[in-house]
Amino acid sequence: MTTSLSPAQTATLAALFDRIFPAGADGSPSASEIGAVGYVSDALSGPYAEHLPLYTELIAALDLAAGGDFAAAPTDRQDSILALFEANDTSLDALPRPSDYSAFDLIWRHLREGLFCDPRHGGNRGFKGWELIGFPGAQPGYRAEEQQVSHKVARAPQSMDSLGQDARLESAPATIAASEPLPEADVVIIGGGFVGGFMAHRLTAQGKRVVILEAGDSRTGREHAMDELSATAFRNLGGAKKFNSEVPTWRLRPGAPARRASMSQGLETELGGNSVAWGAVAMRFYEDDFEIRSKTVAKYGETSIPADSTLADWPMSYRDLEPYYDMAEDLLGVSGHAGGPRENGRTRGNPFEAPRKHPYPMPALRRSGLGQTFATAAESLGYHPFNLPAAILTAPHKGRHACTYCSFCSRFGCHVDAKASAQNTVLPEALDSGLLTILTGARVTEIVTEDGRAVGARYLTSDGQSHVQRGRQVVLATYAFENTRLLLLSRDEAHPQGLGNNHDQVGRNYMTRQQPSVYAVFDDRKLNRFIGPTAQATAIADLSCDHFDHTGLGFIRGGRVAAFNQYLPIEASGVLPPDVPRYGAAWKEFFVASYNATMMLFIDPEILPSTNNRLDLDPEQTDALGRPVVRITFDIGDNEKAMIPWLQDRAEEIARKMGAARIWRRPALTGPISTHDTGGTRMGHDPETSVTDGFGRVHDTPGLTVIGGSSFVSLPPVNPALTILALSLRAADAIVGDQVAADGKQEEIA
Amino acid sequence: MSTVDCIVMGAGVIGGFTAWNLARTGARVALVDPRGAAGAPSASWASAGGLRAQGRNAHEQPLSRIAADLWPGLQDALSADLELSQGGHLHLAETEAEVPAIENRLAADAAGGIATERVDAAQIRDIAPEVTGSALLGAFSPGDGQAHPGRTAQALARACAELGVACHFGAPASLLMEHGKVTGALAGGHALRAPQTVLATGAWTAELVAPLGLALPMRARGLQMLLSDLALPDILAPTVTAVGRNLSLKQLRSGAFMIGGRWFARPTGRGLQTLPLDAHAAAQWAGAAAILPRLSRHKLVHQWAGTEAQSIDGLPFIGRAADGLYLACGFSNHGFQISPAVGALVAEDILTGTAALLAPFTPERAARIAPDEIAAFRDAPILATA
Ligand SMILES: Cc1cc2nc3c(=O)[nH]c(=O)nc-3n(C[C@H](O)[C@H](O)[C@H](O)COP(=O)(O)OP(=O)(O)OC[C@H]3O[C@@H](n4cnc5c(N)ncnc54)[C@H](O)[C@@H]3O)c2cc1C
Ligand SMILES: Cc1cc2nc3c(=O)[nH]c(=O)nc-3n(C[C@H](O)[C@H](O)[C@H](O)COP(=O)(O)OP(=O)(O)OC[C@H]3O[C@@H](n4cnc5c(N)ncnc54)[C@H](O)[C@@H]3O)c2cc1C
Ligand code: SF4
């Protein structure tokens with residue numbers, strides 16, 4: 001078997017790439033001149049070896065279509081073959097056709113990597129790709145004035161290698177590679193991610209001995225800093241290894257065929273979980289969100305709730321959760337301007353924000369030039385723009401550095417720990433207590449019960465050993481999908497359908513955020529969106545929840561509209577209006593001209609829980625251990641189908657007011673691609689319609705707590721993590737309370 | 001059990017340069033550090049990285065001159081970017097009363113062969129245009145500059161490993177004592193033996209030598225540093241200090257301003273870890289803004305503190321302290337600049353016993369200091385009072 005391309009194959013690939021990304025009439029470089037061909041052929045004998053057969057087949061198919069040698073064919077012939085290839089046209093019968101994507105999808109992605117990756121990976125030679133579009137690469141940070149609209153950013157492109165590692169940062173948390181179990185803990189937590197870290201912090205602060213079982217390895221939380229390629233493509237080999245071996249399948253409705261879901265973000269399954277990759281938008285729910293059903297019925301009547309919706313109130317009020325929101329914000333170091341009603345016209349925050357007793361720990365991220373343009377347009381349309389609160393420092397906090405606005409933020413570990421992760425917030429303090437032990441490489445396969453009570457977790461070590469770690473309380477905190485899967489795969493006599501599932505509720509009420517963004521290109525200004533974190537966003541909440549009158553609109557609830565930063569070139573070069581093809585001078589010219597002039601208005605619509613949508617075990621697909629993967633059944637309902645286009649219309653109005661020259665939108669249904677995967681182990685008072693109580697305690701399984709996005713009852717138009725963390729801290733307090741009570745009883749008996 | 005020619009405890013810049021120089025002669029060396037190279041909260045982790053030969057004690061001047069010759073070649077020798085730059089060091093007098101201090105420094109530097117120049121107000125404006133117009137007179141040493149201490153220590157550890165030095169990082173370590181003498185070190189429960197063990201363990205030296213009954217006239221103090229948000233690079237080339245202020249100020253390659261001085265940080269009770277004191281940070285920043293007015297428009301983005309070993313007379317302890325035990329500690333807030341020279345001389349002294357330049361730093365001088373003086377030195381308050 002060959003391990004790389006032959007010279008003839010390379011020539012065909014180069015000819016192909018140079019038709020997809022041709023040299024310009026102005027002398028601008030082609031794909032091969034930028035180094036994309038060299039990048040791909042090197043990658044095929046390295047990290048992308050698995051794709052070599054596809055390339056070999058593809059090249060043969062192109063050569064065949066060109067009558068023997070694609071590279072020697074005239075360019076118009078090459079272009080017509082390319083058009084068929086891009087369309088995955090059946091007339092190219094030798095074309096490889098993978099089941100989940102087209103061959104063009106894959107090579108287009110690799111080509112874009114070769115054009116715009118950090119030169120340390122072999123592409124973008126001599127920064128030619130970055131220079132073409134004016135992307136400065138890895139910078140130690142940006143000054144405020146550089147974020148002004150049309151400010152010319154005069155910085156020579158830099159590789160992250162020339163920044164090096166700042167020696168003033170702390171090292172990875174101390175963990176132990178799992179082998180034999182430890183003595184029974186007060187609490188054993190499955191999953192060392194965001195929830196696991198926060199619960200361990202709260203529990204150890206109250207004297208509890210905690211063991212975390214984490215499937216992945218230890219890490220600093222600064223992984224992939226400032227390197228777009230390694231944070232996206234190569235992450236398949238790194239942070240998301242476990243997840244990528246068990247990606248859920250997706251179908252629209254029962255009976256439809258399920259295919260591997262394309263999770264655009266991937267999920268990190270190493271220490272810290274998605275607290276490392278997250279975008280750090282840290283927003284509370286609104287006060288009424290906790291009484292969503294009763295408030296909606298009171299205002300619009302029972303019939304306003306779609307027939308298929310299982311919309312319900314939460315088993316707690318905002319007031320119950322508020323102290324835990326305060327605590328979570330303080331641990332994270334959230335920056336923001338407090339909002340609330342604008343009686344005195346003084347608030348810079350979100351006017352609809354739930355009442356808060358304390359200001360944010362520090363002031364909001366600055367407003368970018370784009371954010372200001374958005375705010376001005378939104379205000380003139382009668383909206384109330386505000387900066388999103390973010391778990392990103394704007395001033396020093398507990399040894400962490402304030403944000404440098406480097407912009408390699410969502411999907412990246414932060415190079416200065418300005419963005420909160422479990423590693424730079426809760427884990428060091430919890431470890432310092434001496435009460436926490438973290439076992440890494442401990443992949444839990446089952447929750448173990450005795451007489452129907454959870455007593456521990458069975459885990460597999462990297463050398464294939466299986467052990468049980470016991471704990472007086474078992475906490476499941478492995479993200480919505482794995483929370484559901486582990487419950488369904490853990491069975492005993494008292495729970496023949498899985499733990500928590502005696503009323504067939506596990507997996508029901510799954511909700512996932514759709515991302516029906518509106519894009520806009522300006523022809524009179526530069527936006528410099530390659531500066532600033534994603535979370536440095538200006539938003540409006542006027543169209544969220546019930547913040548506006550829905551009479552006559554034909555739907556309930558709404559969504560958030562926001563202008564986000566962070567626009568990195570590998571990803572950005574895949575964002576095209578419907579009338580621009582993915583190849584040729586048209587693509588290249590569009591991207592070069594509009595890379596620094598494209599805005600995305602991100603819409604976070606509220607997704608109602610529906611009887612159609614649930615998670616269960618896929619009857620066919622299994623992971624590497626032969627265990628079924630999660631199957632997602634998800635579609636948007638009539639409410640979303642009416643609401644989303646209406647929100648897109650409003651966003652377009654704002655974009656037009658801002659002066660956009662060209663506007664287009666994504667479809668209303670984008671599928672399970674966000675990381676707002678919620679529901680599945682719904683909280684509630686009634687065991688017939690929920691899996692846990694409001695403290696995450698599983699109704700039918702004593703000794704077991706489940707916490708995560710899976711706990712959600714509804715999915716307001718707000719990012720989930722801050723609420724997940726507040727629920728975690730509250731759940732930790734309930735565990736402490738239960739154990740105090742149990743110990744008290746023991747003493748009474750004794 | 002393993003035996004080497006020399007064990008170096010501590011992988012900060014002092015231990016790093018010592019181990020590297022020993023290894024370059026072909027000696028078999030082990031480098032031991034529970035935190036690895038420049039780990040928090042060591043001095044090399046926190047250090048401001050100023051390379052200042054000007055204004056030093058006469059005994060240190062020869063070391064400073066050797067070091068000043070070595071620094072420009074170190075990036076090549078270590079194949080590493082050390083963020084080295086030579087923008088000079090500028091020491092300012094802002095009042096007439098402070099002028100004699102500058103004159104004295106100029107005379108002392110001239111006597112010690114350090115190239116420090118007298119600069120008047122107009123020359124100061126040329127060297128550092130944005131520095132306060134109220135500066136009357138300055139001492140300027142153009143050969144001085146800055147480098148990144150953490151990167152230096154890490155580059156040394158890498159270079160040592162390449163030369164075959166056995167690096168024992170990440171595990172607790174202590175001295176190994178047998179038959180009443182130091183015979184090596186215990187690193188992660190593993191016994192390492194050597195005829196000589198060098199303690200380059202900074203502020204941790206006291207706890208390591210306590211079992212030997214040795215008490216050095218040193219104290220551990222956290223020093224705090226501040227960092228501003230980014231300005232355009234190349235606004236301030238030299239490191240600036242001032243006679244009448246507790247301050248050192250420089251601009252980094254990124255454009256950020258870094259503010260140091262001798263501002264003590266608050267002990268946390270967790271080992272030698274300290275945290276910046278807000279009251280000190282405010283005064284520290286205000287002092288810097290008085291020298292560089294634009295700082296009043298900048299923001300604080302980071303602050304940290306690291307622990308330095310300060311000796312009672314401000315000079316390090318370098319030399320044999322017991323059978324098999326060699327000390328190199330107590331660098332008293334200015335050990336970074338001389339560290340390449342210290343490493344070279346300590347290596348020479350260990351291998352040949354001939355480094356006469358180190359004689360003034362002998363640990364034996366400790367015996368001449370009165371105990372109540374030492375107690376007062378150790379107990380001096382952390383908090384600066386107005
Ligand atoms: C790119 C990205 C951007 C995001 N942006 C935002 C945002 O801006 N705002 C927001 O609110 N949220 C955001 N999120 C979502 C947020 O990160 C998650 O909601 C949050 O991390 C969930 O915490 P968790 O502890 O439930 O799961 P995770 O943080 O995913 O942790 C789960 C942990 O469990 C471990 N694990 C999994 N299976 C097992 C097993 N079988 N045995 C042992 N351990 C196991 C995993 O390795 C992992 O460490 C984002 C996520 C991503 C990926
Ligand atoms: C904030 C600050 C600013 C400064 N600014 C300057 C400046 O501008 N210019 C200048 O010249 N100097 C400056 N200094 C001083 C200079 O940085 C120090 O003198 C120098 O770094 C000391 O290096 P070291 O190797 O002796 O000590 P350290 O860097 O403290 O190293 C000691 C090492 O010993 C290790 N250790 C501890 N216990 C053990 C054990 N049991 N076994 C083995 N190893 C152990 C520690 O982990 C540590 O790595 C500054 C210092 C500080 C703190
Ligand atoms: S918070 Fe985000 S944008 Fe800010 S420094 Fe960290 S990674 Fe960069």
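The name an unreviewed UniProt entry gives chain B is FAD dependent oxidoreductase, with Alloyangia pacifica as the organism.

The name recorded for chain A in an unreviewed UniProt entry is Gluconate 2-dehydrogenase alpha chain, from Alloyangia pacifica. Regarding chain A, the relevant UniProt record gives this comment under Cofactor (unreviewed entry): "FAD". The record held by UniProt for chain A lists under Sequence similarities (unreviewed entry) the comment "Belongs to the GMC oxidoreductase family."

Turning our attention to the overall build of chain B. The helix and strand inventory of chain B stands at ten helices and 22 strands. Taking 386 residues into account, the globule formula puts the C-alpha radius of gyration at 21 Å, and chain B, at 21 Å, falls close to it. Across its three principal directions, the C-alpha atoms of chain B cover 65 × 45 × 40 Å. Burial status across chain B gives 56% buried among its 386 residues. Across chain B, the fraction of contacts at a sequence separation of at least 24, relative to all contacts at a separation of at least 6, is 73%. Here chain B has roughly 15,000 Å² of accessible surface; of this, 55% comes from carbon and sulfur atoms. Each charge class in chain B can be summarised by its mean position, and for the 28 positive and 32 negative side chains these summaries are 5 Å apart.

Moving on: the pattern of salt bridges. Enumeration according to the criterion identifies 59 salt bridges over all chains in this entry. Between arginine 472 of chain A and aspartate 743 of chain A there is a salt bridge; the shortest N-O distance is 2.8 Å. Of this pair, arginine 472 of chain A sits in strand β10 (residues 466-476) while aspartate 743 of chain A sits in helix α19 (residues 721-749), and the two are 271 residues apart along the sequence. A salt bridge links arginine 365 of chain B to aspartate 313 of chain B; the nearest nitrogen and oxygen atoms lie 2.6 Å apart.

Residue and element names in this part refer to chain B. As assigned here, chain B comprises domain 1 (2-53 + 149-218 + 312-378) and domain 2 (86-142 + 220-310). Together, the buried faces of domain 1 and domain 2 total about 1,800 Å²; carbon and sulfur atoms form 55% of this surface. At the junction of domain 1 and domain 2, the tally comes to zero salt bridges. For the pair domain 1 and domain 2, the number of links is ten residue pairs in polar contact (both at pLDDT 80 or more). When residues of the side of domain 1 that touches domain 2 are traced back to their parent elements, those giving at least two are α2 (43-46) and α10 (371-379). Residues of the side of domain 1 that touches domain 2, tallied by class, amount to 13 nonpolar, eight polar and three charged.

For the rest of this paragraph, the subject is the side chain of threonine 633 of chain A. All names here are of chain A. The residue threonine 633 is located in strand β17 (residues 628-633) in this model. Judged by its relative accessible area of 1%, threonine 633 is buried. A polar contact of 2.9 Å, which involves the side chain of threonine 633, links it to the side chain of arginine 251. Once residues within four sequence positions are removed from consideration, threonine 633 is found in contact with Arg251, Leu252, Arg253, Pro254, Tyr510, Asn612, Asn613 and Arg614.

Residues and elements named next belong to chain B. The sheet built from six strands is open, its strands ordered β9-β3-β2-β13-β22-β21 with mixed pairing. If you trace the sheet from one side to the other, it starts and ends with β9 (166-169) and β21 (317-322), each paired once. Averaged over all pairs of adjacent strands, the angle between their axes in this sheet comes to 20°, without regard to strand direction.

Criteria and thresholds
Residues numbered from 1 in each chain as written. Chains lettered and ligands numbered in written order. Predicted model: local features only at pLDDT ≥ 70, side-chain atom pairs only at ≥ 80, totals over all residues. Heavy atoms only, no water. UniProt positions renumbered as here; feature names shortened; annotations may be inferred. Helix = DSSP H or I, 4+ residues; strand = E, 2+ residues; numbered from the N terminus. Rg over C-alpha atoms; globule rule 2.2 N^0.38 Å. Buried < 20%, exposed > 50% of the residue type's maximum accessible area, 1.4 Å probe, protein only. Contact = heavy atoms within 4.5 Å. Areas by Shrake-Rupley, 256 points an atom, 1.4 Å probe, with all protein chains shown as cover. Lys, Arg positive; Asp, Glu negative; His and termini not counted. Charge placed at Lys NZ, Arg CZ, Asp CG, Glu CD. Salt bridge = Lys/Arg side-chain N within 4 Å of Asp/Glu carboxyl O. Domains from an automatic or database assignment. Buried area = accessible area lost by both parts, 1.4 Å probe. Polar contact = N/O pair within 3.5 Å; in protein donor to acceptor, adjacent residues only side chain to side chain. Nonpolar A, V, L, I, M, F, W, Y, C, P; charged D, E, K, R; others polar. Pairing = 2+ DSSP bridges. Axes fitted to C-alpha atoms, helices over the stretch in contact; angles between N-to-C directions.

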